[in-house]
Amino acid sequence: MPHILIAGKLHRAGIERLKQASGVTFTLVDEVSVESYRPHVAEADAVVLRTQPMTAEVIAGAPRLKVVSRHGVGYDAVDVKALNARGIPLCIVGDVNSRAVAEHTLMLMLAVARRAAQHDRAAREGQWNVRNRFETVELDGKTLLLVGFGRIGRRVAELAKAFGMAVTAYDPFVKPDLLAKHGVRPAADLVKALAEADYVSLHMPGSVAGAVIWEEELRAMKPGAILINAARGGLVDELALDAALREGRLFGAGIDVLAAEPPAPDHPLLSNERVLISPHSAGLTDECAARMAVSSVQNVLDFFAGKLDRALVVNAVEIEAIQTQKR
């Protein structure tokens, strides 16, 4: 009987799906950390993983492991090479979080533009005249640059256009006709597009080369622009961003993901009044958490039933090559 380790708090809908399944047992570890789930991997035939890392060392300590299912779509923190070496598939959920992340992206844009956190604090402190500073800006009539035009980027474009924005996208892997279908103008050069955008929103996977928005890109951005990152930590040079904001080169930033989470207490962005930070929560609405929980659990159940969707296996090619070699 396969034993499933749930490494990190799971929405009740996913737990109910497990309880309804026959022929499996499971262990639930609510805390999202390597230290909390590591002691249980030796007995696991499958792991449903939240955002914590899964290193080669952890994988080596799981001799029964046959499949890993990520509770989400990113897998930067998983040692895929170590899984490949043992022929272990790594699954992700399907298109279950694009709506939630796109809404969160618009929330960050609006909250930064209207300085929502600062005005909330001022109103509670009786500083009603903060409204007379005329320090907020609008979305209507402004240009939004999307860096990456996958499912989330496409949904953000749809929502942004509803606010009257003109949308441009930089994505070398997307053909111009697809952008045109969504009413989005293609950008061939990132630096040039940054100079023309009032808002810049990142929607791309993590980069092995490190950040995509360095000091050079920040200096190329339009004065008074707003930067949003609800994609992956590490895509932005955080110290350079902090400097750009403190020097008044940018209006503000909305950040849902950081290179290190949680950040160190002395991280400069935490004390920067021009930054709105959320705790990597863009995809964690109640509805989205339920969809991700059920989908991540279902991947494991489908694997043991022999009907796992290949499109959800990120290392399918490598696994199939290993299986071919064994024949």
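Quick caveat: nothing in here was measured; it's all calculated off a predicted structure.

Calculation notes
Residues numbered from 1 in each chain as written. Predicted model: local features only at pLDDT ≥ 70, side-chain atom pairs only at ≥ 80, totals over all residues. Heavy atoms only, no water. Buried < 20%, exposed > 50% of the residue type's maximum accessible area, 1.4 Å probe, protein only. Helix = DSSP H or I, 4+ residues; strand = E, 2+ residues; numbered from the N terminus. Arc of directions from axis to C-beta. Contact = heavy atoms within 4.5 Å. Phe/Tyr/Trp six-rings, centres within 6.5 Å; stacked < 30°, edge-to-face > 60°. Lys NZ or Arg CZ within 6 Å of the ring centre and 35° of its normal. Pairing = 2+ DSSP bridges. Axes fitted to C-alpha atoms, helices over the stretch in contact; angles between N-to-C directions.

Visitor: Any chance you could explain helix α1 (residues 12–20) here in plain terms?
Guide: Residues spaced three or four apart along an α-helix face the same direction, because each turn holds 3.6 residues. Listed as buried for α1 are Gly14, Ile15 and Leu18. With its buried residues spanning 100 degrees around the axis, α1 presents them on a single face. Of the residues in α1, the exposed ones pointing more than 90 degrees away from the buried face are Arg12, Lys19 and Gln20. The secondary structure elements touched by the buried residues of α1 are β1 (3–7), β2 (25–29) and α12 (286–304).

Visitor: Explain the packing of aromatic side chains here, please?
Guide: Per the stated rule, a full pass over the model turns up one aromatic pair. Between the aromatic rings of Phe303 and Phe304, the centroid separation amounts to 5.1 Å while the plane-to-plane angle is 75 degrees, which identifies the pairing as edge-to-face. The class of Phe304 is partly exposed, set by a relative accessible area of 29%. Directly above the aromatic system of Phe251 lies the positively charged group of Arg274, at a separation of 5.2 Å from the ring centroid.

Visitor: Please clarify how the environment of Asn272 should be interpreted in this entry.
Guide: By secondary structure assignment, the location of Asn272 is in the loop between β11 (252–255) and β12 (275–277). Given the relative accessible area of 6%, Asn272 is considered buried. For the pair Asn272 and Ile213, spaced 59 residues apart in the sequence, the C-alpha separation amounts to 18 Å. Dropping the residues within four chain positions of it, Asn272 is found in contact with Asp242, Leu245 and Arg246.

Visitor: Sorry if this is basic, but what is going on with the sheet that holds strand β10 (residues 226–229) here?
Guide: Remark on secondary structure: sheet strands pair via backbone hydrogen bonds, oriented parallel or antiparallel. In space, the seven strands of this open sheet follow the order β8-β7-β6-β9-β10-β11-β12, with parallel pairing throughout. Here the strands that pair on one side only, and so sit at the sheet edges, are β8 (185–186) and β12. Both β11 and β12 contribute to a ladder of three bridges, which runs parallel. In the strand pairing of β12, Gly254 is matched with Leu276. Sitting on the sheet, helix α11 (residues 238–246) is in contact with β10, β11 and β12, with an inclination near 145 degrees to β11.

Visitor: Help me understand the pairing of β10 in this model?
Guide: For a regular strand, the rule is simple: side chains alternate between the two faces of the sheet. Alternating positions in β10 separate into two faces, Ile226 and Ile228 on one and Leu227 and Asn229 on the other, with burial throughout. Pairing analysis gives four bridges linking strand β9 (residues 199–202) to β10, with the strands arranged parallel. Paired with Tyr199 across the strands is Ile226, a residue of β10. Pairing between β10 and β11: four bridges, direction parallel. Paired with Ile228 across the bridge in β11 is Gly254.

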